[in-house]
Amino acid sequence: NDNNNNNNNVSTVRLALLQGQSSSRISFREALVQLSVNKPTEGNISDPDSLFESELRKCHASYVVESRVSRMEFSVTFVPHSSLPTIGEMKVSRNQESTFYGQLTGLGLDLASPRGKPQNDADPRTQLFAAKASEVRVYEIPNKPSDVSLFSVPVHVVSFRQHFVDSHVGWPMAQTYSADYNIKSPVDILKCRGTFCRVEKRDTVEGKKMELISIQLSRNASSDLYFVWSPVFQWLQMSCNTRIQQALAYVKSLASTSPSTKQGHSCHKTMIRVGVDPTTVANICFCLGVKSVMTTVIEGGMTMDISMVKYLTPVVRTMKPNMIFRAGGRVQLFLNEITQHPIFAFSNVFFKNVTRRAFDDEIAEYNNKKEAPLQRYDDEIVVDHDGHPTKELFEVTVASCVTKFHPSLHFGEVIDDFLLTPRALDAGMDSFKSTSNKRKKRYQLMTITGMVSFLDISLLGDGGSGITDDTLHDVARAYFEGLNLSVERNSPPELTQSHITALDEDTLVYTYGPSIQGGLLQMTIDHFVFMLLPLNLATPLVRINDFAINGSLYLTGLSPSTPGIQEGRTVKSLLLCHHMARECGGHGGCFCCSYGVSLHSAGIPVKVYTDCTVVCNELDVSYGPVMNTSIPQLMECIQRLLPPPSKSAGDQDVHPMPLTWWDNTRFFVHGKLGLAMNILMVRWFLDSHALSDQSILLECQGCSIKYSLGFFGIAASELNISIPGSAYDTTVHPSERIKTTNAFYLPHEAESMVGKARHPLIYIPSFKSEIAFVWNMLR
């Protein structure tokens, strides 16, 4: 107890290790040909075995300790920090313990320490540690009550339910049975086979420290890789680490008679690599927000590289971590109770979020947009420890993505939970800090890029006859080929504010933000098809070739300080913890923990401000009365994708009068837009969609549409309007005329009923129209 108070469990931790048969060997190794150690390992770290051997060859002479253990058990019992945020009257009691319990089989431990000082003073001093286990199982026993001091209980005693004791025969620590109903069943945290290596390099000349950590995971003999995560788990894990560090510091203080005079490090860099074998199926369960559970299944292996830098002098500054994720196989995402079909299915996923020093031309571009160039960059934009501006690179590349939105999934609620998770995680992490040292928010230069070779999005419906695999069908479906996206955020905030003000129809000048998403947008799509029931690939609702959009696009709302804006409110959210996620299926009702957050919600709607030009080579649109019944189904599917409406102070659902699509567009979308097409075809069905030639057809060679504040213009050339060239019997319903069991028609089948000859009705060589108008608010 680091507070010397045995009656207070808050700052205590109980650790226990119990090992089976073991053997150890100590040897001395001297490298015949020493590799260069002046350049530390950079970039991608190799797997743990390769990392240990390669770094050991760089050491001139080292003592190596090798230990092999048949079985090992461990437990860590601690009291979570009382400062962790909770909701309601349920508070974390000061005698409410949590325990992490683990089982390791076939454990191997290797430790290498250098003998003496390096031959060259400039060479870093290196220490190596490696561990390998054929089977790793980690459990958590949540919120175990205790009326006695942690020190009054034997360190190896951990109480379990009877079913856990019966299923873990041969593990001594797991044989402590408890009939206390307050003892909860252990929760699976991690199941795998693992290899671990840690390399520590200390540069005594420059005062730098580098850590290289490599972790490789695979399936064990009985199951695939499994891991569960939630913000609550992250809080408990951090609380456990803090307790252990406090205990180690206390033990160290007892062994030391004088304060340490060892010189600290000026820079601490950590590089972490986590890999999963290609032959392993990884199942990772994420508990998000209030009631959403996302299970990620990764096949074909993955790697994740994380690097962090912390500068300790002249001031303490931790840079944003860099992360690179690669999954060469298939990645499937399941949400909530929908476990039979993935909501998202990806292949060949690459994700990168790194920060680098901004180039001179990027800094000059930013300064040229300001009225007065910056003299001190750290007054306005994010800089590194040397005061040099930084730029964040955010990149996502996917070979293919198939998305199916199930009718029982309210995806808008999942979005709410997804957005709540990082805020909740930060709230818990901030509770560990003794003082709140909030730095001034600065602008981050950023480049966002994305590429998807093939994207398939389906909005599913059941036709009102019940949700089964037989009744599910596509209400709407969209195909994208060759999707490329780029967003540049390199404009001063005041310039963005003035640009949005110019795009807003309101004559008053407002302040927007504080968060403004978007920037200079460039997006291209090689081919796009959108189908709406009952249309299909032969005659889709929309077909676009060679689509491109360029310009500025912003997502933001009015500032909370705007006069007349309704005041925000505090929203209390009881988080879904990982303890009951599988049992409650992500539906809430998981009240085994009282952890939650109280966050301020401004309640200000986010609007779109655009100043873009859209260009496409060909635009083909088909519509007709046959689709009138499909529009309500489409709106119902879209409603499930949107976040639910906010609640009033009394937590009663607010149901405002719904707006029409025109009013919704006018409310949420502002700015100006230009559209240019080389070929335009608009088809109005006269009968069934299967008879696409029985339609009124508008064809145009070259068409442009412009819209801005108070202006609408359209120009077209070679405008043709035609009708079917052959008469057909209108007294027979189309459904009787095309009786067939085929629900899918190829283009030649759909156009063979009457013939391709058409009768020209109207021909206009050139057409141009411009309309000026003024919007007035009715009061």
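Refer to the structure printed above.
The rules behind these values
Residues numbered from 1 in each chain as written. Predicted model: local features only at pLDDT ≥ 70, side-chain atom pairs only at ≥ 80, totals over all residues. Heavy atoms only, no water. Helix = DSSP H or I, 4+ residues; strand = E, 2+ residues; numbered from the N terminus. Buried < 20%, exposed > 50% of the residue type's maximum accessible area, 1.4 Å probe, protein only. Contact = heavy atoms within 4.5 Å. Areas by Shrake-Rupley, 256 points an atom, 1.4 Å probe, with all protein chains shown as cover. Phe/Tyr/Trp six-rings, centres within 6.5 Å; stacked < 30°, edge-to-face > 60°. Expected span 1.5 Å × (residues − 1). Arc of directions from axis to C-beta.

Below, the discussion takes up the overall build of the protein. Counting its regular elements, the protein contains eleven helices and 27 strands. For the protein, the proportion of its 779 residues judged to be buried stands at 44%. Of the contacts made within the protein by residues no fewer than 6 positions apart, 77% connect residues no fewer than 24 positions apart. Of the roughly 41500 Å² of accessible surface on the protein, a fraction of 58% belongs to carbon and sulfur atoms.

Looking now at the packing of aromatic side chains. For the structure shown, the criterion picks out 19 aromatic pairs. Ring centres 6.2 Å apart and planes at 85 degrees place the aromatic pair F100 and F233 in the edge-to-face group. Of this pair, F100 sits in strand β4 (residues 96-114) while F233 sits in helix α3 (residues 231-255), and the two are 133 residues apart along the sequence. The class for F100 is buried, based on a relative accessible area of 10%. On the accessibility criterion, F233 (9% relative accessible area) is buried. Members of the aromatic cluster, joined through ring pairs, are F78, F100, F227 and F233.

Our focus in this paragraph is the environment of L719. With respect to the helices and strands, the residue L719 is situated in strand β26 (residues 711-724). For L719, a relative accessible area of 13% translates into the label buried. Spatially, the C-alpha atom of L719 lies 9.1 Å from that of C703, the residues being 16 residues apart in sequence. Excluding residues within four positions of it along the chain, L719 makes contact with L698, E699, C700, I762, Y763 and I764.

The periodicity of an α-helix, 3.6 residues per turn, causes residues three or four places apart in sequence to face the same way. When the terminal C-alpha atoms of helix α8 (residues 630-641) are compared, their 17 Å separation across twelve residues agrees well with the 16 Å that a helix rising 1.5 Å per residue should span. Within α8, burial applies to S630, L634, C637 and R640. When α8 is viewed along its axis, its buried side chains cluster within an angular range of 120 degrees and face the same direction. On its buried face, α8 is in contact with α5 (411-430), β17 (445-461), β18 (473-489) and β19 (517-532).

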